[in-house]
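Observations on the three-dimensional arrangement
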Amino acid sequence: LLDIIRYKQHLAGTKIGCREGDCGACTALVGELKNDRVEYRSMTSCLLALANVQGKHIVTVEGLNMDKLSPVQQALVDESGTQCGFCTPGIVVRLSALRAKGTAVSDHGAVERALQAHLCRCTGWQTIVEAWDQLDQPPAERDLDAASRRATIEGGAPQTVAPAIAEGSGGFADDTAPERSLVA
């Protein structure tokens, strides 16, 4: 499924990481009709055979925000949780699945279990958990330059906090590298 998402549908927000289901960068929502409603599960698309998703509704990070950032995306931007942008789209999708299931903002255990499915080289999960805490709050006015400086200090490398990163369209060099180049 991952190759179809990226190379046939040209949706670069879903990242290619380990191709073994361990890093969570390729997480997508898989919706299935149950009892007259669609129930979504977050799954690593690198391990999903196309036959296993036939007749199911697939949602990538690009499908979460139609007119504006989704609540999860906005909260991550507001709390400086976007970091370098590589793992962010997968985390956005997984937290969106938790939100769709009705997981309470106060349920940090569910958030921490969800984050265990993701590898991040930048920093810890504190800003992501803080973003989860803010989901029921109105969006904050943020100084994104100050947030980028905070993310740089925490991650030890230059980082940008911006809506494009939460949408999966910014931040990570692999998506802007010339064709047939290697980014390490």
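Quick summary incoming for the structure in this document. (Residues numbered from 1 in each chain as written. Predicted model: local features only at pLDDT ≥ 70, side-chain atom pairs only at ≥ 80, totals over all residues. Heavy atoms only, no water.)

For a regular strand, side-chain orientation follows a simple rule: the groups alternate between the two sheet faces. Inspection of the sheet shows strand 1 (residues 27–34) paired to strand 2 (residues 37–44) by 8 bridges, in the antiparallel sense. If you follow L33 over to strand 2, its bridge partner there is V38. The antiparallel hairpin formed by strand 1 and strand 2 contains 2 residues in its connecting segment, where N35 sits at a positive phi of about 50°. (Pairing = 2+ DSSP bridges. Helix = DSSP H or I, 4+ residues; strand = E, 2+ residues; numbered from the N terminus.)

Inspection of the secondary structure puts Q73 in helix 2 (residues 71–78). Among the residues examined, Q73 registers a relative accessible area of 0% and is labelled buried. Taking the C-alpha atoms as reference, Q73 lies 5.2 Å from A166; in sequence the two are 93 residues apart. Look past the residues within four positions of Q73 in its chain and what remains in contact with it is V61, N65, V92, A166 and E167. Looking at Q73, its side chain comes within polar contact range of the main-chain nitrogen of S70, at 2.8 Å. (Buried < 20%, exposed > 50% of the residue type's maximum accessible area, 1.4 Å probe, protein only. Contact = heavy atoms within 4.5 Å. Polar contact = N/O pair within 3.5 Å; in protein donor to acceptor, adjacent residues only side chain to side chain.)

Turning to the pattern of salt bridges, a few remarks are in order. Considering all chains together, one arrives at 2 salt bridges under this definition. Here R19 ties to D3 by a salt bridge, and the two come within 2.7 Å at their closest N and O atoms. One end of the pair, R19, is in the loop between helix 1 (2–8) and strand 1; the other, D3, is in helix 1, with 16 residues separating them in the sequence. Taking the relative accessible area as the measure of exposure, R19 reaches 39% and is therefore partly exposed. Between D136 and R99 there is a salt bridge, with its nearest N and O atoms 2.6 Å apart. (Salt bridge = Lys/Arg side-chain N within 4 Å of Asp/Glu carboxyl O.)

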